Amino acid sequence: MCFFYRSVMLLPVILITLSGQLDAANVEAYRYLQRTGEQTAYFDWRLSKGSKLQLDTRQQEESTTTVFNPDLSTHSWSIDSPGTRTALTVTRIGDTLVMLGTLAGDNINREVPIDPAPWYQALSVSLRPFVDPHQESVLFWTIRPDTLDVHRLQVSKEKTTTIEIDNHTVSAIQLKIQPTGWRAPFWSANYWLGKKDGIFIRYQGQSGPPGTPLTSVMFVGPLVADSSF
């Protein structure tokens, strides 16, 4: 069960400028490479810093939009995937996730109660507070996009390490994500964030139960300033 939130010309990847941005401080935009088994695909990632923080991603014909609260938890999340006949928006209202739209052609009108723990649908942004040395662990909710199952997970800081990208070494914080309770031993995934700026640079975890293909995601580089999205 892969919980990774799921594609342009590229600038040269120089990791001392890994926080390369579009429109100065208002937009960040990067490209990533996702690999599951033998399948690979690029996806594009654009974080806009206007009156509300908003993340837009695109992979082939699938696009998502996530709007964040000030603490980087998720306020709303939308997915549009014509190929899978999915067009859906989920909004958190109090301690309820309100789901409206279609999933694989089926009409969805659902309310799912949760507890006060934060909802993190775009971990690539919501995990950024872990650059704070005092942030060690968090319990959170997330939604599996292909089933809309709601899961309560925990993320904990593992260690500081280094990652090689394009012949450059990046100092990174490694995080471990796993279910809570008795399910914890049966699935886990790792995230790596840039230690200096919290930018998501790597993910690795199984895309389903034990024995299913491993999914990995790697930072490729920043997008050029005039690229369309």
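Please refer to the structure higher up on the page.
Residues numbered from 1 in each chain as written. Predicted model: local features only at pLDDT ≥ 70, side-chain atom pairs only at ≥ 80, totals over all residues. Heavy atoms only, no water.

Peer 1: How should the overall build of the protein be read in this particular structure?
Peer 2: Secondary structure assignment for the protein yields one helix and 15 strands. Put simply, the protein has 229 residues, and 46% of those count as buried. For the protein, the accessible surface area stands at approximately 11000 Å², while carbon and sulfur atoms represent 50% of it. (Helix = DSSP H or I, 4+ residues; strand = E, 2+ residues; numbered from the N terminus. Buried < 20%, exposed > 50% of the residue type's maximum accessible area, 1.4 Å probe, protein only. Areas by Shrake-Rupley, 256 points an atom, 1.4 Å probe, with all protein chains shown as cover.)

Peer 1: Help me understand the nonpolar core, please; the structure alone is not making it clear to me.
Peer 2: In a soluble, globular protein the nonpolar side chains are often hidden away together inside. Counting residues in hydrophobic clusters, the biggest one holds 36 residues, and the most contacted among them are Tyr-32, Leu-127 and Ile-177. Here the element with the most residues in this core is strand E12 (residues 168-179); it accounts for five residues. Excluding anything up to four places from it in sequence, Tyr-32 contacts Ala-41, Tyr-42, Phe-43, Trp-45, Ile-199, Phe-200, Val-217, Met-218, Phe-219 and Val-220. With 15 residues, the next largest nonpolar core counts Trp-77, Val-90, Leu-97 and Trp-119 among its residues. (Core = buried A, V, L, I, M, F, W, Y, C linked by side-chain atoms within 4.5 Å. Contact = heavy atoms within 4.5 Å.)

Peer 1: When you look at the pattern of salt bridges in this model, what are you seeing that I'm missing?
Peer 2: For side chains bearing opposite charge, pairing can occur when the charged atoms are close. Applying the stated rule across the entire model yields seven salt bridges. Asp-44 is paired through a salt bridge with Arg-58; the nearest N and O atoms lie 3.4 Å apart. Of the two residues, Asp-44 is situated in strand E3 (residues 39-49) and Arg-58 in strand E4 (residues 53-59); the sequence distance between them amounts to 14 residues. One salt bridge in this structure joins Arg-144 and Asp-146, with 2.7 Å as the shortest N-O distance. A cluster of three or more residues bridged by salt bridges with shared partners is formed by Glu-28, Lys-49 and Arg-128. (Salt bridge = Lys/Arg side-chain N within 4 Å of Asp/Glu carboxyl O.)

Peer 1: Please clarify how the environment of Glu-164 should be interpreted in this entry.
Peer 2: With respect to the secondary-structure elements, Glu-164 resides in strand E11 (residues 150-165). What makes Glu-164 exposed here is its relative accessible area of 52%. If we ignore the near neighbours within four places in the chain, the residues touching Glu-164 are Thr-169 and Met-218. Polar contacts involving the side chain of Glu-164 include one to the side chain of Thr-169, which spans 2.4 Å. (Polar contact = N/O pair within 3.5 Å; in protein donor to acceptor, adjacent residues only side chain to side chain.)

Peer 1: Where do I start with the pairing of strand E6 (residues 74-81) in this structure?
Peer 2: When a strand is regular, its side chains alternate between the sheet's two faces. When strand E5 (residues 62-68) meets E6, the two strands line up antiparallel, connected through six bridges. Looking at the pairing, Thr-65 lines up with Ser-78 of E6. The hairpin formed by E5 and E6 contains five residues between the paired strands, and Leu-72 there has a positive phi angle of roughly 75°. When E6 meets strand E7 (residues 86-93), the two strands line up antiparallel, connected through six bridges. Counterpart to Asp-80 in the pairing with E7 is Ala-87. A loop of four residues connects E6 with E7, the two strands running antiparallel in sequence, and Arg-85 in this loop sits at a positive phi of about 55°. (Pairing = 2+ DSSP bridges.)

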